[in-house]
Amino acid sequence: MNSENSNIKELILKIFKDNHITSFKDLMMKLEDAGVYTDPLELRTLISAMVRDGLLIKEVDEVLKRFVIRVRP
């Protein structure tokens, strides 16, 4: 893993901890606000890897009636 991906992972974890992210679009906007522009497919791949590594969890939000990604407690 290169250092750019690890920096993006750290930023993603910080964004999820500090904000209530309910959609992929919200996450993309927060990353762009932080100055990180990435391909949506690469970002989805990175998030999937973070879920598999146990850094993030995917769970059902009963209010939204869909899956959301959260930081593992």
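Residues numbered from 1 in each chain as written. Predicted model: local features only at pLDDT ≥ 70, side-chain atom pairs only at ≥ 80, totals over all residues. Heavy atoms only, no water.

Asker: I would appreciate a short explanation of the side chain of Asp61 in the present structure.
Answerer: With respect to the helices, strands and loops of the structure, Asp61 is situated in strand β1 (residues 56-61). You can call Asp61 buried: its relative accessible area is 10%. A polar side-chain atom of Asp61 sits 3.2 Å from a polar atom in the side chain of Arg70. (Helix = DSSP H or I, 4+ residues; strand = E, 2+ residues; numbered from the N terminus. Buried < 20%, exposed > 50% of the residue type's maximum accessible area, 1.4 Å probe, protein only. Polar contact = N/O pair within 3.5 Å; in protein donor to acceptor, adjacent residues only side chain to side chain.)

Asker: Quick question: what am I supposed to make of the confidence of the model for the chain here?
Answerer: Low pLDDT marks regions whose predicted coordinates should not be analysed in detail. Looking at the chain as a whole, its pLDDT mean stands at 91, while 97% of the residues score no less than 70. At the level of individual helices and strands, the chain shows its lowest average pLDDT in helix α1 (residues 3-18), which scores 89, and its highest in helix α3 (residues 40-53), which scores 95. (pLDDT = per-residue confidence, 0-100.)

Asker: I'm lost on the environment of Lys14 in this one. Help?
Answerer: Checked against the element boundaries, Lys14 lands in helix α1. Put simply, Lys14 and Val71 are 57 residues apart on the chain and 9.1 Å apart in space, counted from C-alpha to C-alpha.

Asker: I tried to follow the nonpolar core on my own but got confused; where do I start?
Answerer: For soluble globular proteins, nonpolar side chains are generally found buried alongside one another. Ranked by internal contacts, the top residues of the largest apolar core, which has 16 residues, are Ile12, Phe16, Leu27, Leu31, Leu43, Met50 and Leu56. Among the elements of the structure, α1, α2 (24-33) and α3 are those that each provide at least two residues to this core. With five residues, α1 is the largest single contributor of residues to this core. Beyond its immediate stretch of four places on either side in the chain, Leu43 contacts Ile12, Phe24, Leu27, Met28, Leu31 and Thr38. (Core = buried A, V, L, I, M, F, W, Y, C linked by side-chain atoms within 4.5 Å. Contact = heavy atoms within 4.5 Å.)

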